[in-house]
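Residues per chain are reported as follows:
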Amino acid sequence: RKEVEQDPGPFNVPEGATVAFNCTYSNSASQSFFWYRQDCRKEPKLLMSVYSSGNEDGRFTAQLNRASQYISLLIRDSKLSDSATYLCVAPPNNAGNMLTFGGGTRLMVKP
Amino acid sequence: DGGITQSPKYLFRKEGQNVTLSCEQNLNHDAMYWYRQDPGQGLRLIYYSQIVNDFQKGDIAEGYSVSREKKESFPLTVTSAQKNPTAFYLCASSNPGGLDTGELFFGEGSRLTVL
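Residues numbered from 1 in each chain as written. Chains lettered and ligands numbered in written order. Predicted model: local features only at pLDDT ≥ 70, side-chain atom pairs only at ≥ 80, totals over all residues. Heavy atoms only, no water.

Caption draft 1: Seen up close, the overall build of chain B. When its secondary structure is counted, chain B shows 1 helix and 11 strands. Listing each helix as α and each strand as β along chain B from the N terminus yields β-β-β-β-β-β-β-β-β-α-β-β. Reported as C-alpha extents along the three principal axes, the dimensions of chain B are approximately 40 × 30 × 30 Å. Put simply, of all contacts in chain B between residues at least 6 apart along the chain, 53% involve residues at least 24 apart. Averaging the coordinates of the 11 positive side-chain charges in chain B and doing the same for the 13 negative ones gives two points 9 Å apart. (Helix = DSSP H or I, 4+ residues; strand = E, 2+ residues; numbered from the N terminus. Contact = heavy atoms within 4.5 Å. Lys, Arg positive; Asp, Glu negative; His and termini not counted. Charge placed at Lys NZ, Arg CZ, Asp CG, Glu CD.)

Below is the structure:
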């Protein structure tokens, strides 16, 4: 099982819709995760962190479900500018000291 | 402004040639990283360095080499031994403890195409 797995999408949604995507992880000891946003042909940028208590930032909500070992990202009232690839990132594990990036989920918001 | 500068942004090379990608940061970060990204794929770690004059192999180091002679510079050489070098290369840096916060600062990337 990969350390971090994501549905590559694309998720095609109309403007104003609510969309959610998940990311599963294999290391049950991990306690924090991160979502990065990557625009087409650009560098990734940190969007938000997610801990056991979850995290909300405006229209974006991230949750961590440790029992089922997945994290989620919910986007409300989607904007055209939300179109991007969202990368799920796991913290360093015992075997190494690097972040692990998922393959990304592509979101396309249509007018 | 502080940040990470990668150059060149686009690079074409013929098979059998070595190329060096530049990465410079003025964020005073100790740790620097090189990642490779292929279309529709996540980021894969090539090399990383946590301190000057020291670096470690990542998951896909074969066919690549790096140096860290200065804190602000971490160049990556793609050698002719790398069988499939066409990709998007991203350099990043982080603060001490940056991995706890998950925050890597990325350059704009270098897109290498082998003809």
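Caption draft 2: Inspection of the interface of chain A and chain B at higher detail. Chain A puts 18 residues into the contact, and the matching count from chain B is 23 residues. The interface formed by chain A and chain B includes 2 residue pairs in polar contact (both at pLDDT 80 or more). Listed by contribution, the elements that provide at least two residues to the side of chain A that touches chain B are β4 (33-38) and β5 (44-50) of chain A. Looking at the side of chain A that touches chain B residue by residue, the class counts come to 10 nonpolar, 5 polar and 3 charged. (Polar contact = N/O pair within 3.5 Å; in protein donor to acceptor, adjacent residues only side chain to side chain. Nonpolar A, V, L, I, M, F, W, Y, C, P; charged D, E, K, R; others polar.)

Caption draft 3: Looking closely at the environment of A:S68. On the secondary structure map, A:S68 appears in the loop between β7 (60-65) and β8 (70-75). It is 9.1 Å that separates the C-alpha atoms of A:S68 and A:Y25, two residues lying 43 residues apart in sequence.

Caption draft 4: Spotlight on the environment of B:V66. Residues and elements named next belong to chain B. Looking at the element boundaries, V66 is found in strand β7 (residues 64-66). V66 sits in the buried class, given a relative accessible area of 11%. Separated by 12 residues in sequence, V66 and D54 have C-alpha atoms that sit 9.9 Å apart. In contact with V66, not counting residues within four places along its chain, are W34, Y47, F55, F74, P75 and L76. (Buried < 20%, exposed > 50% of the residue type's maximum accessible area, 1.4 Å probe, protein only.)

Caption draft 5: Local environment of empty space enclosed by the protein. All names here are of chain A. Counted according to the given criterion, the structure contains 1 cavity of 30 Å³ or more. One number sums up the size of the largest cavity: a volume of about 40 Å³. Around the largest cavity, the lining residues are E3, V4, Y25, S26, N27, S30, A90, P91 and N93. Of the residues belonging to the lining of the largest cavity, the class tally is 4 nonpolar, 4 polar and 1 charged. (1 Å grid on protein atoms, 1.4 Å probe; cavity = no way out; pocket = protein on both sides within 12 Å on 5 of 7 lines; lining within 4 Å. Points joined across faces, edges and corners; volume = space filled by probe spheres on them.)

Caption draft 6: Expanded view of the state of the cysteines. All names here are of chain B. Scanning the entire structure with this criterion turns up 2 disulfides over all chains. Sulfur-sulfur distance for the disulfide between C23 and C91 comes to 1.9 Å. As the torsion about the S-S bond is roughly -75 degrees, the C23-C91 disulfide counts as left-handed. Of this pair, C23 sits in strand β3 (residues 19-25) while C91 is found in strand β9 (residues 87-94), placing the two residues 68 residues apart along the sequence. Note on accessibility: C23 and C91 belong to one class, buried. (Disulfide = S-S within 2.5 Å.)

Nothing here speaks to function; it is all geometry.
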